Amino acid sequence: MTAPKVAILMGSKSDWPVVKLASDQLNTYGVPHESRVLSAHRTPDEVVAYVRDAEARGVKVFIGAAGGAAHLAGVIAAHTTMPVLAIPITSKLDGLDSLLSMVQMPKGVPVGCLAIGEAGATNAGILAVQILSTSDPALAQKLKDARRAEADRILKDTLS
Ligand code: RP5
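Residues numbered from 1 in each chain as written. Predicted model: local features only at pLDDT ≥ 70, side-chain atom pairs only at ≥ 80, totals over all residues. Heavy atoms only, no water.

A.B. asks: Just checking my understanding: could you explain the site of the ligand for this structure?
C.D. replies: Near the ligand you find G11, S12, S14, D15, R42, A66 and G67, and these make up its full shell. Between the ligand and S12, the relevant distance is 2.7 Å, taken from an oxygen atom to a side-chain nitrogen or oxygen of the residue. Here an oxygen atom of the ligand sits 2.6 Å away from a polar atom, N or O, in the side chain of D15. Relative to its unbound accessible surface of 360 Å², the ligand loses 64% to contact with the protein. (Near = heavy atom within 4 Å. Polar contact = N/O pair within 3.5 Å; in protein donor to acceptor, adjacent residues only side chain to side chain. Areas by Shrake-Rupley, 256 points an atom, 1.4 Å probe, with all protein chains shown as cover.)

A.B. asks: What should I look at first to understand the pattern of salt bridges in this one?
C.D. replies: Side chains that carry opposite charge are capable of pairing whenever their charged atoms lie near each other. This model, assessed by the stated rule, comprises 5 salt bridges. Linking D24 and K20 is a salt bridge whose minimum nitrogen-to-oxygen distance equals 3.0 Å. With D24 and K20 both in helix 1 (residues 16-28) and 4 residues apart, the pair spans about one turn of that helix. Overall, D24 belongs to the partly exposed group, its relative accessible area being 27%. The salt bridge partner of R148 is D152, with a shortest N-O separation of 2.8 Å. Within this pair, R148 and its partner D152 are both found in helix 6 (residues 137-155), separated by 4 residues, close to a single helical turn. Overall, R148 belongs to the partly exposed group, its relative accessible area being 46%. Look at D152 and you get partly exposed, because its relative accessible area is 31%. One salt-bridge network, held together by shared partners, links E34, D53 and R57. (Salt bridge = Lys/Arg side-chain N within 4 Å of Asp/Glu carboxyl O. Helix = DSSP H or I, 4+ residues; strand = E, 2+ residues; numbered from the N terminus. Buried < 20%, exposed > 50% of the residue type's maximum accessible area, 1.4 Å probe, protein only.)

Here it is, written out as structure tokens:
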């Protein structure tokens, strides 16, 4: 089995329908990855153990998704120097609480926070591919091809 290059963590299984969009992008680009439910608040010790082990196994990018008091990505970032991307999940406060929890990291411990919900999840997957593509020319070419295909699709749009 190929060692995962990206690790996706989410605070609850209830996040998965949205977070799956990040996994879908990684599958599209053929990037080996793994997805786990681990919570900064409900399973704090297991988050730390997982992040340390994943980095030792060669994971290059972490994605953390959570809603509400969304501390998961920040906790991941506290325990690794690999890049950490964050997906704010829609919550009781429409995800604004999640977004602010993720985006306001203290200086020195960065988290790259994407948009709330589905766009953020899709873009987290693509951004993880882009990070890996800096040392993988084949992946970089796939990204260029996908951008071109998307542009061609839009240019074919007609309005009635
Ligand atoms: C967060 O609390 C999770 O990431 C989820 O978005 C939210 C609600 O979790 P559940 O009550 O659905 O398990 O930790």
